[in-house]
Amino acid sequence: MVNNPTKFLFLLTLMGGTLISTSANSWFGAWMGLEINLLSFIPLMTNSKNLFSTEASLKYFLVQALASATLLLTVILGSLLLNPSLSNSSTSTIMNTLISSSLLLKMGAAPFHFWFPGVMEGLNWMNGLMLLTWQKIAPLMLISYTFSLNVFFSLIITLSVLIGSLGGLNQTSLRKILAYSSINHLGWLLAAMAAGESIWGLYFLVYTFLSFAIIFMVNAFKMIHINQIFSLNYINPINKFAFFVTLLSLGGLPPFLGFMPKWIVIQNMVNLGNIFLVTLMVVTTLITLFYYVRTSFGAFMLTYSETLWNPPSLVNNTLHSSSLLLSICSTLGLMLISLICSIF
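Let me sum up the structure you'll find in this document. In this text the structure is predicted, and so the values were computed from the model without any measurement. (Residues numbered from 1 in each chain as written. Predicted model: local features only at pLDDT ≥ 70, side-chain atom pairs only at ≥ 80, totals over all residues. Heavy atoms only, no water.)

1. Looking at the packing of aromatic side chains
Scanning the entire structure with this criterion turns up 11 aromatic pairs. For the pair Trp115 and Phe116, a centre-to-centre distance of 5.3 Å together with 85° between the ring planes defines the contact as edge-to-face. Taking relative accessible area as the criterion, Trp115 reaches 3% and is therefore assigned buried. Overall, Phe116 belongs to the buried group, its relative accessible area being 1%. (Phe/Tyr/Trp six-rings, centres within 6.5 Å; stacked < 30°, edge-to-face > 60°. Buried < 20%, exposed > 50% of the residue type's maximum accessible area, 1.4 Å probe, protein only.)

In structure tokens:
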């Protein structure tokens, strides 16, 4: 991507659009940043050699344009209606709900998730990583301005964790599995907002790191579907084990790094008295872990079948050592952080 100067330019404007949105002091400025971000991501998605990416970019554009139009309309209506003579709490609540809905549609949170797995399926792994991580920063930051743990957001969190966990059960594509996993994590991120800005920021950082680690390895191994995992006999067993441990860490299995932000969110939700919601979130995370374990089951078996004729390894030493390092960080991260906290 970086070798192409045009794509490098769009990558810079993509980052610039996100920074404009997060640093804007008005809703119009935030909308403008989101539009710059959208128009920069479309050329990065398209690939003339791949019809799926063209379809995905068209889907993405239509959905994002709808969300942007809704956001702009709501902001204009809000500025007209919410003057001191006409101001009342019900109008303000409706406006906040509409703004939040348009931003949730931009992120792909349930029940506005209908476009997300389909778009993810048509992208290559690097663009998929951007869609899973960077493209969520601006909408999440803007949602944090209007967020309060009311009935609307409780419903969004419930639907996100349910659809994110149940939707991935019958998937064979790794991209769709990661897409549904992202929807589940969005529910946790919105719950983390109730605890405070630093908590959801920490959750997002850990989620971004683990997503990068998994997509880096999957891209190196050239994997697309689950059934390819069972024929990865040419990969070093340590490297294979490292990949699946990182996958379990993303699912939030203790004692890995991915469990740490979920632990903090659970503690804060219990302190706020949302026992039912946090119980539902934990149960749905167990379902998510089930399809991660199903994906990685073959690698953890002591006895497994292996083909006699194996192709030469596609993973060079640099990729091998990098993926191993990422796995060590995700495996030992929680223990190292606990050790540092106990010292200081």
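2. Quick notes on the nonpolar core
By size, the foremost hydrophobic cluster in this structure holds 92 residues, and its most contacted members are Tyr60, Leu131, Ile143, Leu190, Val265 and Met281. Here this core takes 14 residues from helix 10 (residues 197-221), the largest share from any one element. Setting aside its immediate chain neighbours within four residues, Val265 contacts Trp188, Ala191, Ala192, Ile199, Tyr203 and Met281. (Core = buried A, V, L, I, M, F, W, Y, C linked by side-chain atoms within 4.5 Å. Helix = DSSP H or I, 4+ residues; strand = E, 2+ residues; numbered from the N terminus. Contact = heavy atoms within 4.5 Å.)

3. Section: a nonpolar patch on the surface
Nonpolar side chains collect at one region of the surface, where Leu73, Ile76, Leu77, Leu80 and Leu81 lie side by side and expose about 450 Å² of accessible area between them. Position of Leu73 relative to the elements: it lies in helix 3 (residues 51-81). When its relative accessible area of 52% is taken as the criterion, Leu73 is described as exposed. (Patch = residues over 30% accessible without salt bridge, like charges linked within 9 Å, V, L, I, M, F, W, Y side chains within 5 Å. Areas by Shrake-Rupley, 256 points an atom, 1.4 Å probe, with all protein chains shown as cover. Salt bridge = Lys/Arg side-chain N within 4 Å of Asp/Glu carboxyl O.)

4. With respect to the pattern of salt bridges
Pairs can form between side chains of opposite charge whenever their charged atoms are close. Tallying each qualifying case throughout the model produces one salt bridge. Lys59 is paired through a salt bridge with Glu55; the nearest N and O atoms lie 3.3 Å apart. Of the two residues, Lys59 and Glu55 are both situated in helix 3; the distance of four residues between them amounts to about one turn of the helix. On the basis of relative accessibility, which here comes to 33%, the residue Lys59 falls in the partly exposed class. On the basis of relative accessibility, which here comes to 43%, the residue Glu55 falls in the partly exposed class.

5. Things to note about the side chain of Arg175
Counting through the fold element by element, Arg175 comes out in helix 9 (residues 174-195). No salt bridge is formed by the buried Arg175, whose closest oppositely charged neighbour, Glu121, lies at an N-O distance of 5.1 Å. Within polar-contact distance, the side chain of Arg175 engages the backbone oxygen of Leu123 at 2.8 Å. Beyond its immediate stretch of four places on either side in the chain, Arg175 contacts Met120, Glu121, Leu123, Asn124, Trp125 and Ile224. (Lys, Arg positive; Asp, Glu negative; His and termini not counted. Polar contact = N/O pair within 3.5 Å; in protein donor to acceptor, adjacent residues only side chain to side chain.)

Nothing here speaks to function; it is all geometry.
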